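Here is how the chains run, residue by residue.
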Amino acid sequence: MTIPALHAALRACAAGFYPCEAGTDLLINHASWLHRHDFTDRFIHTGTSITDGTTPMAEIDWANAITTLNTGVLPCSGSERRILRLAASIADGIPVSLRDALTELDDRNIKLVLTAILHTSGHRPPPRIP
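Residues numbered from 1 in each chain as written. Predicted model: local features only at pLDDT ≥ 70, side-chain atom pairs only at ≥ 80, totals over all residues. Heavy atoms only, no water.

Time to look at unusual backbone geometry. Note: most peptide bonds trans; most residues except glycine with negative phi. The phi torsion at Ala 31 lies on the positive side, around 65°, for a residue other than glycine. Its identity is not glycine, yet Glu 104 carries a phi of approximately 70°, on the positive side. Its place among the elements puts Glu 104 in the loop between α6 (98-102) and α7 (107-120). On the basis of relative accessible area, Glu 104 is assigned to the exposed category, the value being 69%. (Helix = DSSP H or I, 4+ residues; strand = E, 2+ residues; numbered from the N terminus. Buried < 20%, exposed > 50% of the residue type's maximum accessible area, 1.4 Å probe, protein only.)

Quick look at the packing of helix α5 (residues 78-92) against α7 now. It is the contact of α5 with α7, at a shortest axis distance of 11 Å, that shows an interaxial angle of 0°. When the axes of α5 and α7 are compared, the pair comes out roughly parallel. Between α5 and α7, the contacting residues are Ser 79, Ile 83, Leu 86 and Ile 90 on the first element and Asn 109, Val 113, Ala 116 and Thr 120 on the second. Looking at side-chain class alone, the contact of α5 with α7 contains five nonpolar, three polar and no charged residues. (Axes fitted to C-alpha atoms, helices over the stretch in contact; angles between N-to-C directions. Parallel < 35°, antiparallel > 145°, perpendicular 65-115°, else oblique. Contact = heavy atoms within 4.5 Å. Nonpolar A, V, L, I, M, F, W, Y, C, P; charged D, E, K, R; others polar.)

By the definition in use, this model includes two aromatic pairs. Note on Trp 33 and Phe 39: the rings are 5.2 Å apart at their centroids and 50° apart in plane angle, and the pair reads as tilted. Classification of Phe 39 by relative accessible area gives buried; the value is 0%. (Phe/Tyr/Trp six-rings, centres within 6.5 Å; stacked < 30°, edge-to-face > 60°.)

Our next topic: the environment of Leu 114. Looking at where Leu 114 falls in the secondary structure, it is placed in helix α7. A residue is classified by how much of its surface remains accessible, and Leu 114, at 48% relative accessible area, is partly exposed. Sequence separation of Leu 114 and Leu 26 is 88 residues, and the distance between their C-alpha atoms is 9.6 Å.

Nothing here speaks to function; it is geometry throughout.
This is the structure in structure tokens:
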């Protein structure tokens, strides 16, 4: 699956529930984890919509990803670790220490997190223009 197709499938699966949309978009917009095969091969599950039988769908196994991250088996930078924890917390309710997760994020990543927080509360970002 190509990266744009994966993004579309993840968004299709999360559609309609703001926290899932926001957490998924945070991970997509961070532009790191979904380019890593050690992440996508283990923690992304794909299928087809049961509603129409044709729409590709994909979901992130947030709990398993965080468990693996916590064991140290999923190497990553500090920024990647923080964004994954925040995205999992927003999308799946996995507890995160905001003090630890927000510390040392650069301006770009803080803006991504703020966008995700607004999205979670019902303020979707403007539509993407391809």
